[in-house]
Amino acid sequence: LADAVKFIITRSLAYQRGGRSERSLRLLDAAVGAAPSEPELRMFRGRYRMDAHDCAGALADFRAAEHERPNDALTFASEAVAEMCLGDDLAARANVARSLQLDPNQPVLRKLLGQ
């Protein structure tokens with residue numbers, strides 16, 4: 001379906017807002033299982049995994065999204081957050097730098113690097 005990703009994300013948000021986070025994540029898990037190379041689903045599930053403190057799972061999703069969108073600043077910034085959560089500050093700094101290289105207009109990331 002042409003709008004499948006949009007529908008899944010909209011439905012997932014509705015579950016989340018309704019206090020049904022677990023159902024939202026199950027929906028995203030099923031969707032990623034059906035379309036593992038869909039970067040929007042990976043990014044969205046990664047964000048939910050970060051909310052659930054599943055930093056390693058989130059990082060895996062963000063890296064899978066990076067494979068499909070290698071020039072997306074948000075993907076690298078998201079990886080950096082997951083890496084910080086895992087305590088890998090060196091990798092996080094590298095991904096912040098890569099994100100800023102792709103999109104220099106990110107004052108929060110610049111502040112994070114001390115620029």
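None of these values were measured; they are calculated from a predicted model.

### As for helix α3 (residues 39–51)
The terminal C-alpha atoms of α3 lie 18 Å apart, and with 13 residues this matches the ideal 18 Å at 1.5 Å per residue to within 8%. Judged by how many residues are buried, α3 sits mostly within the fold: ten of 13 residues are covered. Among all positions of α3, only P39, L41, R42, M43, F44, R45, G46, Y48, R49 and M50 are buried. Looking at the buried side of α3, the elements it contacts are α1 (4–17), α2 (21–34), α4 (55–68) and α5 (73–85). Two or three places before E40, at the start of α3, stands the capping residue E38, its side-chain oxygen 3.3 Å from that residue's backbone nitrogen. Directly beyond the C-terminal end of α3, a positive phi value near 65° is found at H53.

What counts, and where the lines are drawn
- Residues numbered from 1 in each chain as written.
- Predicted model: local features only at pLDDT ≥ 70, side-chain atom pairs only at ≥ 80, totals over all residues.
- Heavy atoms only, no water.
- Helix = DSSP H or I, 4+ residues; strand = E, 2+ residues; numbered from the N terminus.
- Expected span 1.5 Å × (residues − 1).
- Buried < 20%, exposed > 50% of the residue type's maximum accessible area, 1.4 Å probe, protein only.
- Contact = heavy atoms within 4.5 Å.
- Polar contact = N/O pair within 3.5 Å; in protein donor to acceptor, adjacent residues only side chain to side chain.

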